[in-house]
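# Analysis of the macromolecular model
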Amino acid sequence: KTNYCYQVINIYNNGTRSISLEKCGEAFTTTNPSPINNTSSVVSTNGVKLNWKQDPLFNPFEYTILRSQNSGAFNEIGKVSSNEFSDPEYTTVSNSCYRINYSDLCGNQSQPGTLICPMKLSYTIDNKNAITLRWSNLKGWNNGVKQYRIEKYDKSGGLMSTTNVGADTVFIDDQLDLNNQVVQYRILADAQEVGLVTSVSNQVVITKNANL
């Protein structure tokens, strides 16, 4: 949709020039842009923030964010011109997943983007205060997850430990800890493909029972 004008100038040996009429035309392409298939999701108390990489061969004009809740239909929830979007309405209870489509400068629509589902972390605790963490597999990266990491925090938010669990989505923390009755956990996911933002799950706060 950029207008270009052209003319031909013929320069003779004696310096004489012959100039054609000017012809103008609007540039166009009919190639559909490739889909967005690498999106990271970072969950916080403010909802979820999506950050994606897009094929540099295409010049985006506008991104359209679609959301599905509880496996329902996808509905448009926003449009942006940059490669990130925040959804303050996201909760783990809503079971929200997303798709991101876009149009290029010529008005062509991209192919449907990859399904994006943030990690959902939950837990159970037994009568000996052994904590079992479970989380859903992250969806949104074309080549998948390289590894999951568990971050454990104390009551005030100080980082206590980081544990690499590979591809596992279940972890049991049964280590005796007499100093921290309240602990917090969140899951980090690293992508197989380099250059993608680390994805982060929701954070859970656990108060252990007092055992006498």
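Residues numbered from 1 in each chain as written. Predicted model: local features only at pLDDT ≥ 70, side-chain atom pairs only at ≥ 80, totals over all residues. Heavy atoms only, no water.

Inspection of the secondary structure assignment puts threonine 114 in the loop between strand 10 (96-104) and strand 11 (121-125). Separated by 14 residues in the primary sequence, threonine 114 and isoleucine 100 place their C-alpha atoms 7.6 Å from one another. If sequence neighbours within four positions are ignored, threonine 114 has contacts with Ile36, Asn37, Tyr98, Arg99 and Gly140. (Helix = DSSP H or I, 4+ residues; strand = E, 2+ residues; numbered from the N terminus. Contact = heavy atoms within 4.5 Å.)

What follows concerns the sheet that holds strand 10. An order of 8-7-10 is seen for the three strands of this open sheet, with the pairing classed as antiparallel. Each end of this open sheet is capped by a strand with a single partner; those strands are strand 8 (75-80) and strand 10. On average, each strand axis in the sheet is inclined to that of its neighbour by 25 degrees, with strand direction left out of account. With five bridges connecting them, strand 7 (residues 60-69) and strand 8 associate as antiparallel partners. By the bridge assignment for strand 8, threonine 64 is matched with lysine 79. (Pairing = 2+ DSSP bridges. Axes fitted to C-alpha atoms, helices over the stretch in contact; angles between N-to-C directions.)

Along the chain, the position of serine 40 falls in strand 5 (residues 38-44). Polar side-chain contacts of serine 40 include one of 2.5 Å to the backbone oxygen of valine 197. Among residues more than four places away in sequence, those in contact with serine 40 are Lys49, Leu50, Asn51, Trp141, Leu196, Val197 and Ser199. (Polar contact = N/O pair within 3.5 Å; in protein donor to acceptor, adjacent residues only side chain to side chain.)

Further remarks concern the state of the cysteines. Under the counting rule described, the total for this entry stands at two disulfides. In this model, cysteine 5 is linked to cysteine 24 through a disulfide, with the two sulfur atoms separated by 2.0 Å. Residues cysteine 5 and cysteine 24 are joined by a disulfide whose S-S torsion is about 105 degrees; by sign, that bridge is right-handed. Of this pair, cysteine 5 sits in strand 1 (residues 3-6) while cysteine 24 sits in strand 4 (residues 23-26), and the two are 19 residues apart along the sequence. The class for cysteine 24 is partly exposed, based on a relative accessible area of 45%. (Disulfide = S-S within 2.5 Å. Buried < 20%, exposed > 50% of the residue type's maximum accessible area, 1.4 Å probe, protein only.)

A complete count under the given rule lists seven salt bridges for this structure. Between lysine 49 and glutamate 84 there is a salt bridge whose closest N-O contact spans 3.8 Å. Of this pair, lysine 49 sits in strand 6 (residues 47-53) while glutamate 84 sits in strand 9 (residues 84-87), placing them 35 residues apart in sequence. Aspartate 87 is the salt-bridge partner of arginine 67, the closest N and O atoms lying 2.9 Å from each other. Here arginine 67, found in strand 7, pairs with aspartate 87, found in strand 9; they are 20 residues apart in sequence, far enough to count as distant. Accessibility assignment for this pair places arginine 67 and aspartate 87 in one class, buried. Each of Arg67, Asp87 and Glu89 takes part in salt bridges that share partners, so that together they form one network. (Salt bridge = Lys/Arg side-chain N within 4 Å of Asp/Glu carboxyl O.)

Phi is positive for serine 71, close to 65 degrees, though the residue is something other than glycine. Among the structural elements, serine 71 can be located in the loop between strand 7 and strand 8. With a phi angle near 50 degrees, asparagine 95 is a residue other than glycine that sits in the positive phi range. Tracing the backbone shows asparagine 95 in the loop between strand 9 and strand 10.

Leu133, Trp135, Tyr148 and Tyr185 are the most contacted members of the largest nonpolar core, which totals 18 residues. When residues of this core are traced back to their parent elements, those giving at least two are strand 12 (131-135), strand 13 (145-153), strand 16 (182-191) and strand 18 (204-207). When residues in this core are grouped by element, the largest group, five residues, is from strand 16. Aside from chain neighbours lying at most four places away, what touches tyrosine 185 is Leu121, Ile131, Leu133, Ile150, Glu151, Lys152, Asp173, Asn202, Gln203, Val204 and Ile206. With 15 residues, the next largest nonpolar core counts Leu50, Trp52, Phe58 and Tyr63 among its residues. (Core = buried A, V, L, I, M, F, W, Y, C linked by side-chain atoms within 4.5 Å.)

In short, shape yes, function no, at least from these values alone.
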